[in-house]
Number of protein chains: 2
Amino acid sequence: MAASRVLLTDLYELTMLQAYFDEGLRDVAAFNLFVRRLPERRNYLVACGLDEVLGLLETLTFDEEALAYLGTLGQFSDRFLGQLATFRFTGDVYAVAEGTPVFSNEPILEIVAPLPEAQFVESLVMNQIHLQTLLASKAVRVVAAARGRQVVDFGLRRAHGLDAGLKAARAFHVAGVHATSNVAAGQAYGLRVSGTMAHSYVQAHDSEYEAFRRFAERYPGTTLVVDTYDAVAGVRQVIALAARMGAAFNVAAIRLDSGDLGQLAVEARRLLDAAGLFRVGIFASGNLNEDEIDRLLSAGAPIDGFGVGTDMAVSRDAPSLDIAYKLVEYGGRGRVKLSPDKRVLPGRKQIFRIEKGGQVERDLLGAHDDVLPGRPLLCKVMAGGARLPESRKTLDEIRTHAMNEVQKLPARLRSLVPADPPYRVDLSEALARHREALGLPHER
Amino acid sequence: MAASRVLLTDLYELTMLQAYFDEGLRDVAAFNLFVRRLPERRNYLVACGLDEVLGLLETLTFDEEALAYLGTLGQFSDRFLGQLATFRFTGDVYAVAEGTPVFSNEPILEIVAPLPEAQFVESLVMNQIHLQTLLASKAVRVVAAARGRQVVDFGLRRAHGLDAGLKAARAFHVAGVHATSNVAAGQAYGLRVSGTMAHSYVQAHDSEYEAFRRFAERYPGTTLVVDTYDAVAGVRQVIALAARMGAAFNVAAIRLDSGDLGQLAVEARRLLDAAGLFRVGIFASGNLNEDEIDRLLSAGAPIDGFGVGTDMAVSRDAPSLDIAYKLVEYGGRGRVKLSPDKRVLPGRKQIFRIEKGGQVERDLLGAHDDVLPGRPLLCKVMAGGARLPESRKTLDEIRTHAMNEVQKLPARLRSLVPADPPYRVDLSEALARHREALGLPHER
């Protein structure tokens, strides 16, 4: 049987939902979605995935197949299944704009809704914000390492499934990646799609030269992969092709995908230049990540663009975030959780970002009704289950916002190494008092 | 615009496809899908994901939206788009049965089809086999560490997207995981779904005791999470509830989700036993993985089951496999790729698994027409684009197969530490000769 999207949830959300309904626990609750601690190699995160979440919340309904399946589990009453048939998300959502840098304990999303609704959407909301925030936060490092050179997403084949492959391309675009090889992402999000050629194309021809000739004639401005057999010999074939094709020769770049990319790039550049092919660029791929790109460019490798796959697509050095979705208020009262290392700050929140001379200086994490200096980051994007117009932004607007906001961060945060000191996030007096009143220890 | 499933591919697959069509390169090609090197902490992989791939191959068609989108890219001729409209996968597929342990360089899949078809499916096939093989190979370690105790999948919220969350539950089941919290996976695959309660349920009530009472009365056999405020105090509330409910008390377990799980389990067990609640089990969750479970059980922690989320769902210690899909034969001739560290063995293959006294001893990787001792692992599962009956197995058959095959592995492979020596995979004489004739160096 096919899976119902609405059932992409944890069973306990449904058992709790039934209990909430039966117990009449329908007062308004506030949940915060936040990351407890940043991964060691992340100085900031790039909030991403909100658009998808709002779309899911707006259209969340239990289809007949879902209800029929739940009926087979022996835990749910007919009365409850009837309630699910008309279940909708009717709450409000406050969120940090996609593309905004965020830090530990800062709510990326605050959901304010009747308890059963706010509870039920937990798994779906976490899954989607986690994925895109994780991947945008990785990609922004790769883009920084590339120092303005093009980065192309090659990650589909090793992304974790098809949803991840698609959403990755979107998150990467937000983070400044130039293009994606994923055609469906081009279709879904209007992204620039880009591709070169595979080794198998070369292998399928009787000679590398013949493969290059055919592809170059068919696709002006293409990129030829030169390392199927021997990269330097491959470059010589490209040069031979240029000599033969003369003015018709229009190859944008060669691609190096294996071996010592730095050394091969130097050699390839030398050969291409000696043949007058100054305008043929060098594109590199193969197990690249931000560290390797940084190393290559720091050593002066003449590389013009990078295809980055697996490491970026799975965020290899930090493949998950310590993301949490926690009840902070119910029935107008702040709620706490005191589990060791998993404490939650009670009450609805606002983040105030304080800038000085065009640079971000620090954040104040406050109560939602605090009036404090700085720019409030949490904005209402959904009211009564309907998206507000201000929640609809084009992907390019989001990307531009991300680039601007990242640019305003102190340089130490934008570097690839852990920022020392890390970014400063202070608690507002109201929040600190709230915390103290609950007997919580002082901590950052 | 929504994404067309058929476009979940890399752009170069389509540009190469057009070139193959135009050049008349339609001879039969064989591609091997294999993992070049195993991650450091994997002694073997568990092949998984075949069923999904065969389903995708059988139904692969270009819908009108996909063709319309491709038309906007300016790279594809009307003639080619017309060819895509009738494009189908008509090839043969040979595969290792799902649940079978595999090793580096062993084809998990061999696709034999007209070159354009075999090439085009690359990204989709890799994405899906990579995901489920990655996750089954991680989960089998977690199951081994749990030494027969139940392992429940709690991974949906931090799995990389919805497809990953769903497929993860399937792969985990194959690897021996007992149940999943993911309701959609229960629906789609008939898996056992399981869940406890969230801290937010406790927080939403005026007292922990009241929350426990309500939930326990409603859900006989449930599990109560005790660490919202203080785990030991929480256990005492459960004991108080048992005293009050008397014979009606039916709680299967308490759940510990934070703190020193080993120490808390000992204390909880002592308190429960002292109250005569011998049958109330202890279930642990919170940042668990195979190492932590092994550590807890080796120290004698009285834990009866484990909820494992993020680490298993993203395969944190090895979030990707070095999986490759490479042309090995075209037009009846073996094809090679010589890129450094990315060499490909030419020709179609067969894997022969040699057993001795009920234990697997070593593999012989041979040519597909080799006749050698041992059990051949690659079987034909699709012919002319249609699934063969033998490719249809129930998920429980696959799981049983996996358990049996893993059990036959030498103990050093089933341990959590790197096997010394690693599993032995020899090349058959025919394959070694083939390799030598192409001037390839000897290597394992």
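Residues numbered from 1 in each chain as written. Chains lettered and ligands numbered in written order. Predicted model: local features only at pLDDT ≥ 70, side-chain atom pairs only at ≥ 80, totals over all residues.

## Brief notes about the overall build of chain A
Piece 1. Scanning chain A for helices and strands turns up 17 helices and 19 strands.
Piece 2. Principal axes of the C-alpha set define a box for chain A whose edges measure 80 × 55 × 40 Å.
Piece 3. Among the 444 residues that make up chain A, the fraction classed as buried is 56%.
Piece 4. Sequence separation of at least 24 residues holds for 71% of the intrachain contacts in chain A that already meet a minimum separation of 6. (Helix = DSSP H or I, 4+ residues; strand = E, 2+ residues; numbered from the N terminus. Buried ≥ 20, exposed ≤ 12 C-beta atoms within 10 Å, placed from the backbone. Contact = placed C-beta atoms within 7 Å.)

## Observations concerning the interface of chain B and chain A
Piece 1. With 83 residues of chain B at the interface, the matching set in chain A holds 83 residues.
Piece 2. Contributions of two or more residues to the side of chain B that touches chain A are made by α1 (11-23), α5 (115-120), α6 (122-145), α7 (161-174), α8 (183-189), α9 (199-204), α10 (208-218) and β12 (323-330) of chain B.

## Overview of the sheet that holds strand β18 (residues 386-387) of chain B
Residue and element names in this part refer to chain B.
Piece 1. Across the sheet, which stays open at both edges, the seven strands sit in the order β13-β12-β1-β5-β3-β17-β18 with antiparallel pairing between neighbours. The open sheet has two edge strands, β13 (333-334) and β18, and neither has a second partner.
Piece 2. Here strand β1 (residues 28-35) pairs with strand β5 (residues 109-114) via six bridges, running antiparallel. Pairing of Ala 30 across the sheet is with Val 112, part of β5.
Piece 3. Here helix α2 (residues 50-58) sits on the sheet in contact with β3 (92-96), β17 (378-383) and β18, set at roughly 30 degrees to β17.
Piece 4. Running at roughly 135 degrees to β12, α6 makes contact with β1, β5 and β12 of the sheet. (Pairing = 2+ DSSP bridges. Axes fitted to C-alpha atoms, helices over the stretch in contact; angles between N-to-C directions.)

## A short note on the relation of the copies chain B and chain A
Piece 1. Of the transformation placing chain B onto chain A, the axial shift is 0.0 Å and the rotation is 180 degrees, giving an RMSD of 0.0 Å. Each copy turns onto its partner about a two-fold axis.
Piece 2. A share of 100% of the interface residues of chain B reappears at the interface of chain A, consistent with the copies meeting face to face through the same patch. (Least-squares fit on C-alpha atoms with pLDDT ≥ 70 in both.)

## So, the pairing of strand β15 (residues 359-367) of chain B
All names here are of chain B.
Piece 1. As paired elements, strand β14 (residues 349-356) and β15 share eight bridges and run antiparallel to each other. Looking at the pairing, Ile 351 lines up with Leu 365 of β15.
Piece 2. Between the antiparallel neighbours β14 and β15 lie two residues, among them Gly 357 with a positive phi of about 60 degrees.
Piece 3. Sheet topology note: the β15/strand β19 (residues 424-427) ladder contains four bridges and is parallel. Considered in β19, the bridge of Arg 362 is made with Arg 424.

## Comments concerning the domain arrangement of chain A
Residue and element names in this part refer to chain A.
Piece 1. You can read the domains of chain A as domain 1 (5-136 + 320-437) and domain 2 (147-313).
Piece 2. Computed from C-alpha coordinates alone, the two centres of domain 1 and domain 2 are separated by 38 Å.
Piece 3. Residue assignment for the side of domain 1 that touches domain 2 shows that the elements contributing at least two residues are α6 (122-145) and α15 (395-407).
Piece 4. At five residues, the largest contribution of residues to the side of domain 1 that touches domain 2 is made by α15.
Piece 5. Here the residues of the side of domain 1 that touches domain 2 are counted per class, giving ten nonpolar, two polar and two charged. (Domains from an automatic or database assignment. Nonpolar A, V, L, I, M, F, W, Y, C, P; charged D, E, K, R; others polar.)

## Some words on the nonpolar core
Piece 1. Counting 298 residues, the largest nonpolar core has Ala139(A), Ala175(A), Ile254(A), Ala139(B), Ala175(B) and Ile254(B) as the members making the most contacts within it.
Piece 2. Setting aside residues no more than four positions away along its own chain, Ala139(B) makes contact with Ala171(B), Phe172(B), Ala175(B), Val177(B) and Met312(B). (Core = buried A, V, L, I, M, F, W, Y, C linked by C-beta atoms within 7 Å.)

## Considerations on the sheet that holds strand β14 (residues 349-356) of chain A
All names here are of chain A.
Piece 1. Taken in spatial order, the four strands line up as β16-β14-β15-β19 in an open sheet, and their pairing is mixed. At either margin of the open sheet sits one strand with a lone partner, and together these are β16 (375-376) and β19 (425-427).
Piece 2. Pairing geometry for strand β15 (residues 359-367) and β19, over three bridges, is parallel. Among the inter-strand pairings, Leu 365 is bridged to a residue of β19, identified as Leu 427.

## Section: the packing of α6(B) against α7(B)
Residues and elements named next belong to chain B.
Piece 1. Two elements in contact, α6 and α7, have axes whose closest approach is 8 Å; the angle formed by their N-to-C orientations is 50 degrees. Classified by the angle between their axes, α6 and α7 sit oblique to one another. The two elements α6 and α7 meet at a crossing, and its hand is right-handed. Residue-level inspection shows Leu 131, Gln 132, Leu 135, Ala 136 and Ala 139 of α6 in contact with α7, the latter providing Ala 164, Lys 167, Ala 168, Arg 170, Ala 171, Phe 172 and Val 174.
Piece 2. Across the contact of α6 with α7, the residue classes tally to nine nonpolar, one polar and two charged. (Parallel < 35°, antiparallel > 145°, perpendicular 65-115°, else oblique. Left-handed = near helix turned anticlockwise from the far one by under 90°.)

## With respect to the pairing of strand β10 (residues 281-285) of chain B
The side chains of a regular strand alternate, first on one face of the sheet and then on the other.
All names here are of chain B.
Piece 1. β10 sits mainly inside the fold: five of its five residues count as buried.
Piece 2. When strand β9 (residues 251-256) meets β10, the two strands line up parallel, connected through four bridges. Residue pairing in the sheet places Leu 256 in a bridge with Ala 284 of β10.
Piece 3. Taken together, β9, helix α12 (residues 261-274) and β10 form a β-α-β motif whose crossover is right-handed.
Piece 4. Pairing of β10 with strand β11 (residues 305-308), which is carried by three bridges, proceeds in the parallel orientation. Opposite Phe 283, over in β11, you have Gly 305 as the bridge partner. (Right-handed = clockwise from strand over helix to strand, strands pointing away.)

## Section: α1(B)
All names here are of chain B.
Piece 1. Between its first and last C-alpha, α1 extends 19 Å over 13 residues, near the 18 Å set by a 1.5 Å rise per residue.
Piece 2. Listed as buried for α1 are Leu 11, Tyr 12, Glu 13, Leu 14, Thr 15, Met 16, Leu 17, Gln 18, Ala 19 and Tyr 20.
Piece 3. Phi turns positive, to about 70 degrees, at Gly 24, one or two residues after α1. (Expected span 1.5 Å × (residues − 1).)

## Here's the deal with unusual backbone geometry
Piece 1. Looking along the chain, the bond that leaves Asp420(A) and enters Pro421(A) is cis, with omega of 0 degrees.
Piece 2. Note on placement: Pro421(A) falls in the loop between α16 (411-414) and β19.
Piece 3. Despite not being glycine, Arg147(A) shows a phi value in the positive range, around 50 degrees.
Piece 4. Within the secondary structure layout, Arg147(A) lies in the loop between α6 and β6 (150-153).
Piece 5. For Ser315(B), which is not glycine, the phi dihedral falls at a positive 50 degrees.
Piece 6. Structurally, the position occupied by Ser315(B) is in the loop between α14 (310-313) and β12.
Piece 7. In this structure Ser315(B) comes out as buried when scored by C-beta crowding, with 26 C-beta atoms within 10 Å.

## Regarding α15(A)
Piece 1. Look at α15(A): 18 Å from first C-alpha to last across 13 residues, which is about the 18 Å you get at 1.5 Å a residue.
Piece 2. Residues of α15(A) that are buried make contact with β2 (45-46), β4 (101-102), α6, α7 (161-174) and α16 of chain A.

## Looking at the environment of Gly331(A)
Residue and element names in this part refer to chain A.
Piece 1. With respect to the helices, strands and loops of the structure, Gly 331 is situated in the loop between β12 (323-330) and β13 (333-334).
Piece 2. Look at Gly 331 and you get partly exposed, because 13 C-beta atoms sit within 10 Å.
Piece 3. The spatial distance from the C-alpha of Gly 331 to the C-alpha of Gly 186 is 45 Å, given a sequence separation of 145 residues.

## Re the environment of Ala97(B)
Residues and elements named next belong to chain B.
Piece 1. Inspection of the secondary structure puts Ala 97 in the loop between β3 and β4 (101-102).
Piece 2. Ala 97 sits 29 residues away from Ala 68 along the chain, and the two C-alpha atoms are 38 Å apart.
Piece 3. The residues contacting Ala 97, other than those within four sequence positions of it, are Cys 379 and His 401.

## Examining the packing of α7(B) against helix α15 (residues 395-407) of chain B
Residues and elements named next belong to chain B.
Piece 1. With their axes 8 Å apart at the nearest point, α7 and α15 run at an angle of 50 degrees to one another. Here α7 is positioned oblique relative to α15, judged by the angle of their axes. Listed contacts from α15 to Arg 170, His 173 and Val 174 of α7 are Leu 395, Ile 398, Arg 399 and Ala 402.
Piece 2. Partitioned by chemical class, the residues of the contact of α7 with α15 number four nonpolar, one polar and two charged.

## Here's the deal with the environment of Ala29(A)
Piece 1. Position of Ala29(A) among the secondary structure elements: in strand β1 (residues 28-35).
Piece 2. Classification of Ala29(A) by C-beta neighbours within 10 Å gives buried; the count is 26.
Piece 3. Sequence separation of Ala29(A) and Leu115(A) is 86 residues, and the distance between their C-alpha atoms is 4.9 Å.
Piece 4. What Ala29(A) contacts, discounting residues up to four positions off in sequence, is Ala113(A), Leu115(A), Ala118(A), Leu327(A), Glu329(A), Tyr330(A) and Ala204(B).

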